[in-house]
Amino acid sequence: MGIGHDHDVTGGAAGAHAPGGLAGAQTAATAHRRRLKIVLSIYVTIILAEAIGSWLTNSLALLAEALHMAVDASGILIALIATYLATRPATKRRSFGMMRAEIVAVLINCLLLFGLGGYILFEAVDRWFNPDEVAGGGVILFAVVGLIGSGISLTLLSRGSKESLNVKAAFLEVMSDGIGAAAIIISGILNLLYGWNQGDAIAAAAIGVIILPRAFMLLKQAINLIMQGVPNGIELAEVELEIEKTHGVASVHSLHVWGLTSGVSVMSAHIVPDPDATGGVTHARLLDSLTETMRERFGIEHCTFQLEEADHLLHEGSMHRDLAGMNEAPSVSGGQDVGHSH
Ligand SMILES: [Zn+2]
Ligand SMILES: [Zn+2]
Ligand SMILES: [Zn+2]
């Protein structure tokens, strides 16, 4: 809490609002970078083992899993680069630095996943109609190696899964790898017991299918960030209510809450202070209590409040007036002087 946005910092705007401070430590994935590196090296080992295994046993499912894990590994690598970029200081050209590199990383990962899912399904259908002789024992052996590696990766990643889009992506990846490996092992057992070769095509298809819903989910999250949608876990109506409840606020309009990147929420709002508030709340005090409320109640680390006189709204564009409900009945009475003319 309270990262990079300390209003007690003396020395003026440079200290409190330097964009570098915002970009500095807030991307949640930073802490998981080291863990991701270990996972990455486990992956490379498994990919090599499964690729060799696929060649030795003639199993499409093992090849599918090796390719799948190669895409996973590249996803983790892209995530690593993105979290590194996100901590780079802001520049004069990019006031947010590269905080949104994570979204680009997730989109690239999605593209790779969709492509691979389609390819594996295509190959699996082909294998079903033209089954090859598969060495069941070897398939089981290499799949178990993959399963152990996935298990270790899963344990390493599980703690970060709630905090960052990319770590969550990686976590879901590893979990589905486990399911894929289980499918391969079952197909290997069926092959050993009954000499059934088409189980390999089914296991491969399962690996292809598992990829798709996760790819869609990631795409949805990334698009919500791009569209500047309200972040998951925050209700706009609650934010509005919380602002209206704050002592010294007469009304609020042009309220926006969005995510800069996963785990970093920002907001802006126009506030009409109540000049008749008991105790005579100064604008400075009002800003302090609003900012604290946003951080403590919603975890929003960077707020921008524009404090206005009630009749200022008449000078704003129709977009603001719509948001304030002025073209209908005023929702929150702020003593808006509709008769105010120029
Ligand atoms: Zn995977
Ligand atoms: Zn306004
Ligand atoms: Zn501020």
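Note that the structure is predicted; figures quoted are calculated from it, not measured.

### Describing the overall build of the protein chain
Thinking step 1. In terms of helices and strands, the protein chain carries 11 helices and three strands.
Thinking step 2. Within the protein chain, the fraction of its 342 residues that count as buried is 46%.
Thinking step 3. Long-range pairs, those at least 24 residues apart, make up 73% of the contacts in the protein chain with a sequence separation of at least 6.
Thinking step 4. A total of about 17000 Å² of accessible surface is found on the protein chain, and carbon and sulfur atoms cover 63% of it.

### Some thoughts on the pattern of salt bridges
Thinking step 1. Under the defined criterion, the tally for this structure stands at five salt bridges.
Thinking step 2. The salt bridge involving Arg127 is made with Asp200; its shortest N-O contact spans 3.3 Å. Of this pair, Arg127 sits in helix H5 (residues 101-129) while Asp200 sits in helix H8 (residues 199-226); the two residues are 73 residues apart in sequence, bridging distant segments of the chain.
Thinking step 3. We classify Asp200 as buried; its relative accessible area is 3%.

### Some points on the nonpolar core
Thinking step 1. Counting residues in each nonpolar core, the largest one holds 28 residues, and the members touching the most others are Leu113, Ile120, Ile184 and Ala204.
Thinking step 2. Elements supplying a minimum of two residues to this core: helix H4 (60-86), H5, helix H6 (136-158), helix H7 (165-194) and H8.
Thinking step 3. If we skip the residues at most four places from it in the chain, Ile120 touches Ala64, Ala204, Ile207, Gly208 and Ile211.
Thinking step 4. Core analysis: the next-biggest nonpolar cluster, separate from the first, contains 17 residues, Ile243, Leu290, Phe298 and Ile300 among them.

### Let's talk about the pairing of strand E3 (residues 302-307)
Thinking step 1. The sheet contact formed by strand E2 (residues 264-273) and E3 spans six bridges and is parallel. Looking at E3, one finds that Ser268 is bridged to Thr304.
Thinking step 2. Taken together, E2, helix H10 (residues 283-298) and E3 constitute a β-α-β crossover, and its handedness is right-handed.

### Considering the packing of aromatic side chains
Thinking step 1. Enumeration according to the criterion identifies one aromatic pair in this entry.
Thinking step 2. Summarising the aromatic geometry, the rings of Phe114 and Phe216 are spaced 4.9 Å apart at their centres and angled 70° between planes, so their arrangement reads as edge-to-face. Highlighted residues: Phe114 in helix H5 and Phe216 in helix H8, separated in sequence by 102 residues.
Thinking step 3. Phe216 sits in the exposed class, given a relative accessible area of 51%.

### Some remarks on unusual backbone geometry
Thinking step 1. Its identity as a non-glycine residue notwithstanding, Asn58 has a phi of 70°, on the positive side.
Thinking step 2. Residue placement: Asn58 occurs in the loop between helix H3 (33-57) and H4.
Thinking step 3. With a relative accessible area of 32%, Asn58 lands in the partly exposed category.
Thinking step 4. Of note, the phi angle at Ser254 is positive, near 50°, even though the residue is not glycine.
Thinking step 5. Looking at the secondary structure, you find Ser254 in strand E1 (residues 249-261).

### Topic: the packing of H4 against H8
Thinking step 1. At a minimum axis separation of 7 Å, H4 and H8 run at an interaxial angle of 25°. Judged on the interaxial angle alone, H8 and H4 are roughly parallel. For the pair formed by H4 and H8, the contact residues are Leu60, Ala61, Ala64, Glu65 and His68 on the first element and Asp200, Ala203, Ala204, Ile207, Ile211 and Arg214 on the second.

### Quick look at the sheet that holds E3
Thinking step 1. Spatially, the three strands line up as an open sheet ordered E1-E2-E3, and their pairing is mixed. Looking along the sheet, the strands with just one partner apiece sit at the ends: E1 and E3. Going across the sheet, the axis of each strand differs from the next one's by a mean of 15°, ignoring polarity.

### Considering the packing of H5 against H8
Thinking step 1. In the contact formed by H5 and H8, the axes pass within 8 Å of each other and the chain directions differ by 160°. Looking at the two axes, H5 sits roughly antiparallel to H8. Considering how the two elements wind past one another, H5 and H8 form a crossing that is left-handed.
Thinking step 2. Each residue belonging to the contact of H5 with H8 can be placed in one class, and the counts come to 26 nonpolar, two polar and two charged.

### Overview of a nonpolar patch on the surface
Thinking step 1. On the surface, Val125, Trp128, Phe129, Ile189, Leu192, Leu193, Tyr194, Trp196 and Ile202 cluster together into a nonpolar patch covering about 980 Å² of accessible area.
Thinking step 2. The set of elements that each furnish at least two residues to the nonpolar patch consists of H5 and H7.
Thinking step 3. Here the element with the most residues in the nonpolar patch is H7; it accounts for four residues.
Thinking step 4. Note that Ile189 resides in helix H7.
Thinking step 5. With relative accessibility at 38%, the residue Ile189 sits in the partly exposed group.

### A word on the side chain of Ser265
Thinking step 1. For Ser265, the position within the fold is in strand E2.
Thinking step 2. Judged by relative accessible area, Ser265 falls into the buried class, the value being 11%.
Thinking step 3. Beyond its immediate stretch of four places on either side in the chain, Ser265 contacts Pro231, Ile234, Trp258, Gly259, Ile300, Glu301 and His302.

Parameters and conventions
Residues numbered from 1 in each chain as written. Chains lettered and ligands numbered in written order. Predicted model: local features only at pLDDT ≥ 70, side-chain atom pairs only at ≥ 80, totals over all residues. Heavy atoms only, no water. Helix = DSSP H or I, 4+ residues; strand = E, 2+ residues; numbered from the N terminus. Buried < 20%, exposed > 50% of the residue type's maximum accessible area, 1.4 Å probe, protein only. Contact = heavy atoms within 4.5 Å. Areas by Shrake-Rupley, 256 points an atom, 1.4 Å probe, with all protein chains shown as cover. Salt bridge = Lys/Arg side-chain N within 4 Å of Asp/Glu carboxyl O. Core = buried A, V, L, I, M, F, W, Y, C linked by side-chain atoms within 4.5 Å. Pairing = 2+ DSSP bridges. Right-handed = clockwise from strand over helix to strand, strands pointing away. Phe/Tyr/Trp six-rings, centres within 6.5 Å; stacked < 30°, edge-to-face > 60°. Axes fitted to C-alpha atoms, helices over the stretch in contact; angles between N-to-C directions. Parallel < 35°, antiparallel > 145°, perpendicular 65-115°, else oblique. Left-handed = near helix turned anticlockwise from the far one by under 90°. Nonpolar A, V, L, I, M, F, W, Y, C, P; charged D, E, K, R; others polar. Patch = residues over 30% accessible without salt bridge, like charges linked within 9 Å, V, L, I, M, F, W, Y side chains within 5 Å.

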